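# Coordinate analysis (summary)
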Amino acid sequence: MASESVIEINGLSKSYGSGKKQTLALNALDLTVNRGEIFGYLGPNGAGKTTTIRLLLDLIRPSAGSARIFGLDIRADSVEIHRRIGFLPGELTLWENRTGSQIIHYVASVRGDAKGIAKHADELAERLDLDTSKRVRDLSSGNKRKLGLVAAMMHAPELLILDEPTGGLDPLVQQTFHAMMDEYRDKGKTVFLSSHVLSEVQAICDRVGILRGGELKAVESVEKITNVEFHWVDVTFRDAIPIGLQQQLEGLPSISDVSTNGRRIRLRMLGDFDPLLRVISSGYVEMVHVEEPSLEEIFLAYYSGDKEN
Amino acid sequence: MTGIVVGNTLRTSWKQILYWGLGLGVLGLYIDFIASSPDIIAGYADLFKAMPPALLQAFGASDVALFTTTEGWIVSIFVSEAGIFLSVFAVLAGLNITANDEQSGLMDVILSLPISRAAYLLERWIGYALVGLGIVLLCALITVAGIIGMNVDAPHDVILKSILNLYPAALLVMTVTCLLATALRRRAMAIGFAAAFVVVSYLFNVIGASASGAIADFMESVSYFSYIHGEAFVLGIYNPTDSFILIAAILVGFALSLRMFVSRDIGI
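Computed from a predicted model, the values in this text were never measured in an experiment.

Cut-offs used in this document
- Residues numbered from 1 in each chain as written.
- Chains lettered and ligands numbered in written order.
- Predicted model: local features only at pLDDT ≥ 70, side-chain atom pairs only at ≥ 80, totals over all residues.
- Heavy atoms only, no water.
- Pairing = 2+ DSSP bridges.
- Helix = DSSP H or I, 4+ residues; strand = E, 2+ residues; numbered from the N terminus.
- Axes fitted to C-alpha atoms, helices over the stretch in contact; angles between N-to-C directions.
- Patch = residues over 30% accessible without salt bridge, like charges linked within 9 Å, V, L, I, M, F, W, Y side chains within 5 Å.
- Areas by Shrake-Rupley, 256 points an atom, 1.4 Å probe, with all protein chains shown as cover.
- Salt bridge = Lys/Arg side-chain N within 4 Å of Asp/Glu carboxyl O.
- Buried < 20%, exposed > 50% of the residue type's maximum accessible area, 1.4 Å probe, protein only.
- Contact = heavy atoms within 4.5 Å.
- Buried area = accessible area lost by both parts, 1.4 Å probe.
- Polar contact = N/O pair within 3.5 Å; in protein donor to acceptor, adjacent residues only side chain to side chain.
- Nonpolar A, V, L, I, M, F, W, Y, C, P; charged D, E, K, R; others polar.

### Let's talk about the sheet that holds strand β11 (residues 230-237) of chain A
Residues and elements named next belong to chain A. Taken in spatial order, the four strands line up as β12-β13-β11-β14 in an open sheet, and their pairing is antiparallel. Looking at strand neighbours, the two that pair on one side only are β12 (255-261) and β14 (285-291), the edges of this open sheet. Across the sheet, the mean angle separating the axes of adjacent strands is 20° when strand polarity is ignored. As defined by bridge partners, β12 adjoins strand β13 (residues 264-270) across five bridges and the pair is classed as antiparallel. Note that in β13 the partner of T260 across the bridge is I265.

### Let's talk about a nonpolar patch on the surface
All names here are of chain B. A cluster of nonpolar side chains, contributed by W14, L18, Y19 and L22, occupies part of the molecular surface with about 440 Å² of accessible area. Following the sequence through the fold, L22 ends up in helix α1 (residues 4-35). Judged by relative accessible area, L22 falls into the partly exposed class, the value being 43%.

### Notes on the interface of chain A and chain B
Listed as interface residues are 23 residues of chain A and, on the opposing side, 26 residues of chain B. When chain A packs against chain B, the two sides together hide about 2200 Å² of surface, and 61% of this comes from carbon and sulfur. The interface formed by chain A and chain B contains two salt bridges. Taking the shortest distance from any N to any O, the salt bridge between K14 of chain A and D265 of chain B comes out at 2.6 Å. At the junction of chain A and chain B, the tally comes to 13 residue pairs in polar contact (both at pLDDT 80 or more). The set of elements that each furnish at least two residues to the side of chain A that touches chain B consists of β1 (5-16), α2 (78-84) and α3 (100-111) of chain A. A per-element tally of the side of chain A that touches chain B places α3 of chain A first, with five residues. Residues of the side of chain A that touches chain B, tallied by class, amount to 13 nonpolar, three polar and seven charged.

Here is the structure:
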């Protein structure tokens, strides 16, 4: 049985400006997001992620193409669509002089069920450890983000659209957020989540769309993206780097870009850690630091042949 | 339309009623205080008699005889000065309808809620129209209370009507600013053009009323200040047509704002 699509985007384009100053922010985007999935919309800054989201929310109008959410047209039926979605913008602005509770009550009132929604909002706030009695101007950026999440999720929407949702959240709250997303999926709800943080997308998403320069380059399962993943590894030895170690490492098929700096050796590693660990154990290893690749690096690796490696 | 946005606008802006209303009320009390002394009024009347028409118009009166009566003096001075202050409020309120929230990014949150752009704009406009009404009412009541408290010999109803007559003009400035903000998208540009609208209107009124000829008549006719007729209530010659013209201009301005706001990108 075919999956029921929640978001259907057909040839959606958006350009800003006119004449020579015209900039194409999104180019003929075709994309489908199915019910019950967490879809990661991945791309570097300026790739067109926020433009896509603002088009879906009818905040900006497409230059070409169309999109439907729940089978409804994003322009003609925007009010009905908004009733059924929750949205957290990337750069969240709220009423500075109002308390979290007042904002929750106001948003719930506009949604039409202040009492019922507010009760759920209290539960979410407690879970995210958010004090809603404080004015927004007195909240840290992380707590503002929590309030934005509560406002987006408190009516248990069928579709959540989240633009860079965990920016500013501490690791513990990020874990809670990930758990909440899993619960969302278990309830058959859909999440469209934009991010430039690969680890976040890996942690919670089912499928990933990779956007670059306003064009959708790939839509893959998270597992497939993970397969092209490599790491940057820094190994610091207590004493000098063992003689011949650099040559040994360069001989390993999964290792490249080896460079040294004093007692430290830096390399790019693809796949399992075991071959690397066997080689470096010839010296006394003081510290190993592993960095995940940047999205741009993953992207380049994915499209420059490392996928086959 | 549910009225929720109107309610929220009033909850977040009620202090403006207090501050602006009290501020203009103090101006009214000051004018009441001066008006309580017939000698001062007589002194001012002599001073105004020596003034050229343009300068007299700048003080809010086309007829020097107005300044010889207490109510004429109160109305002319208060309406001309409060008219300018209310215009400043109206520009700020017009910016608050959409421009400030759009600039800050708050509009993205608001318009992701189940409310249409048209309904939102209308409710915001009504909200700030009520704030403006609150300000005009509060300052009018304080001014009249001053007249009573200081035993100033001036008819209360004339003073009250003259001050309330400021309201349509304030609404027009607010609507024009809202239109500029929705059309130009840039807050700074909207402020500049709205300020120019107020200043040019004021100058056109002063020049148009003090000169004669087709150009002067035209200048006066396009200035919203020329449709504020505080003195007409004193002289008993108030013609509601001028207020209807302002209301018609407000409706046209709001319809254009609505068209702009509904059809364009938000926050770019």
